[in-house]
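Residues per chain are reported as follows:
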Amino acid sequence: MRYLSTRDQTKTFSLSEALEKGLAPDGGLFIPEHFFPVSEFDSQLGYAEFGAKLLCPFFEGDELQKKLSNMCKLAFNFPIKLRFRKDQSPVLELFHGPTAAFKDVGARFLAQCFDPSDRKRSVLVATSGDTGGAVASAFLSKKNIEVLILYPKGKISLRQEKQITAWGENIKAFSVNGNFDDCQKIVKDALADPEWKKEKTFISANSISIGRLLPQMIYYAKSSLEYLSQLKCAPGYIIPTGNLGNAVAALYAKRLGFPIGKIVLATNANHSIVDFLKTGVWTPNKTISTLANAMDVGNPSNIERLRSLYPNIVDLRTDVSAISVSDTEISEMIRNQYKSSTETFCPHTATALVAEKKAAGKNWIIVATAHPAKFESIVEPLIGRSIEVPETLKALLNRPSVFEEIEAYFSDFKSRLSL
Ligand SMILES: *Cc1c(COP(=O)(O)O)cnc(C)c1O
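The following paragraphs examine the structure supplied in this document. (Residues numbered from 1 in each chain as written. Predicted model: local features only at pLDDT ≥ 70, side-chain atom pairs only at ≥ 80, totals over all residues. Heavy atoms only, no water.)

1. Quick notes on the packing of helix α2 (residues 47–55) against helix α3 (residues 68–75)
Part 1 of the argument: Where α2 contacts α3, the two axes come as close as 8 Å, and the packing angle between them is 140°. One way to sum up the angle between α2 and α3 is to call them oblique. The two elements α2 and α3 cross, and the hand of that crossing is right-handed. Contacts from A48, G51, A52 and L55 of α2 reach α3 at L68, S69, C72 and K73.
Part 2 of the argument: Grouping the amino acids of the contact of α2 with α3 by side-chain chemistry returns five nonpolar, two polar and one charged. (Axes fitted to C-alpha atoms, helices over the stretch in contact; angles between N-to-C directions. Helix = DSSP H or I, 4+ residues; strand = E, 2+ residues; numbered from the N terminus. Parallel < 35°, antiparallel > 145°, perpendicular 65-115°, else oblique. Left-handed = near helix turned anticlockwise from the far one by under 90°. Contact = heavy atoms within 4.5 Å. Nonpolar A, V, L, I, M, F, W, Y, C, P; charged D, E, K, R; others polar.)

Written out as C-alpha cells, the structure reads:
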C-alpha cells in the first residue's frame, strides 16, 4: 500500500514515510492510495487479532508489517465494548483506555509505530482536550522521545489538564493563550519550519497522522459485524465529531465494505461541517467554546480527507449527515438520561444522543468517546451526584501540574524550545 497527499496526487509515499512526515510535503494530509473489498472477518476475534488482520494490507510493503501483530497486542490492551441496552440504541464504549477517552486507541497504536532505538524524536501535538493526555500516556517514558503538547489555556477541564501536565519525565506541556485552532496552527508551522526540519525529527500525533486514523477503523469494522450478527441488519453510527478523525475512520471502514449504513456527524455549536453538507461550500469558522470541548473545532483538519473520499457532495450526502447540538440540549440529555435510566454520559457522547433524536432513520450505534468522570464539573451538577473516577485518572489527580504559558504564535513556542 502506498500513501498519497490529499492535494498533489502524483507522488506516493510508504507508510513509514507518511508516519514520519505527519503532513505531506505540499501541506495536504496522507491518505491510502486505494481501498479494497475486505475478505471474511470473524467478529469473535479479540481486538488485537482483528486489528492486525484488518490493518495488514495497509502495512503491505512497509518494514513495519512484520511487527504489526505485536504492535496491536501492545496498543489494544484495554476493552472496547459494544454495550447493548434495553429499548435503546447500543453504545460503543471507546473510553476504557488509560486516559478514559477514545483517543487512547489511536495514540497507543501510533506510539508503537516508531522504533525508539534509531534516532531522537519530538512528538508534537495540539489538543482540544483529550488528545494531549492520550499521547502523553502512550509515549510516556519511551526512550529517545520528547513529547510537546499545546493546549488552549482555560478551555479544557481540570482533569483533562491534569492528564496533560502531570506526567513529568519526557512530557512537556504548553498552555497557549488562544484556542484550539491556534494550537493546531502552531503545530503546522512547526512541522513546516525549515530550520527545525534540519535540527529536529518531529512526529505529529494529531489526527492529521495517518497512524492514528487507521487503527480507529478497527472498532467500526468489528462492532458493525457484532451488531449485524445480533440484530440481523447493518448499523449506522452517530459519532461525536470535532476534527473529523473518528468519523473519517468510520467512513474508511464503510468503504472497505463492512456492513455500515449511514454516518451521522454529531457536532456541538461548531457547525462548519453541518453548513458544508447543506451548501456544498466549505467555509471554516471561528471556534466556539462549548460543554463538549474536545469537539470545539471551527476548522477541522480532516475535512481534506473527507472531501477527497467524497469528491462529489451528492455522494457525501448519501452516506453522511451532520447535526449541530446546543449546550442546552447537551445538558438536558445528560440530566434526562440519568433520570430515566441512571446512565451517565460525557458531554460529547450526549451530543450524539441528542443527534440520534433528530436523525432520520434507525438502527444506530451511539459512539461514546469519553468517560463522564473526565467532565465531572459539567456532569455532576446535572445529575446531582458524584461520578466514580477510573483508577488511572485517580493516580494522576494527586500529582502536581507543570506547564509553560505561551502566546498563540509559533515564534513564541519556538523561542521556548531554542533556549
Ligand atoms: C477528540 C474527541 C472527539 C472528536 O473526535 P474527532 O476525531 O476530532 O472528530 C469527540 N469526543 C471526545 C471525548 C474526544 O476526545
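2. Structural notes on the site of the ligand
Part 1 of the argument: Around the ligand sit 15 residues, and of these K103, D130, G242, N243 and T369 come closest.
Part 2 of the argument: Separating an oxygen atom of the ligand from a side-chain N or O atom of K103 is a distance of 2.5 Å.
Part 3 of the argument: Between T369 and the ligand, the recorded distance is 2.8 Å, taken from a side-chain N or O atom to a nitrogen atom.
Part 4 of the argument: About the coverage of the ligand: the protein hides 98% of its 380 Å² of free accessible area.
Part 5 of the argument: Among the detected pockets, the ligand sits in the largest cavity.
Part 6 of the argument: Of the residues contributing to the shell around the ligand, the split by class is six nonpolar, seven polar and two charged. (Near = heavy atom within 4 Å. Polar contact = N/O pair within 3.5 Å; in protein donor to acceptor, adjacent residues only side chain to side chain. Areas by Shrake-Rupley, 256 points an atom, 1.4 Å probe, with all protein chains shown as cover. 1 Å grid on protein atoms, 1.4 Å probe; cavity = no way out; pocket = protein on both sides within 12 Å on 5 of 7 lines; lining within 4 Å. Sits in = over half its atoms within 2 Å of the grid points.)

3. Brief notes about the pattern of salt bridges
Part 1 of the argument: Enumeration over the complete set of coordinates arrives at 19 salt bridges.
Part 2 of the argument: Where E146 meets K200, a salt bridge forms, and the shortest distance between an N and an O atom there is 3.1 Å. Residue E146 is located in strand β6 (residues 145–152), and its partner K200 is located in the loop between α8 (194–199) and β8 (202–204); the two are separated by 54 residues in the primary sequence.
Part 3 of the argument: We classify E146 as partly exposed; its relative accessible area is 22%.
Part 4 of the argument: For the salt bridge of D412 with R416, the shortest nitrogen-to-oxygen distance reads 3.4 Å. One end of the pair, D412, and the other, R416, are both in helix α18 (residues 410–418), four residues apart, so they sit about a helical turn from each other.
Part 5 of the argument: Of the residues examined, R416 reaches a relative accessible area of 27% and is grouped as partly exposed. (Salt bridge = Lys/Arg side-chain N within 4 Å of Asp/Glu carboxyl O. Buried < 20%, exposed > 50% of the residue type's maximum accessible area, 1.4 Å probe, protein only.)

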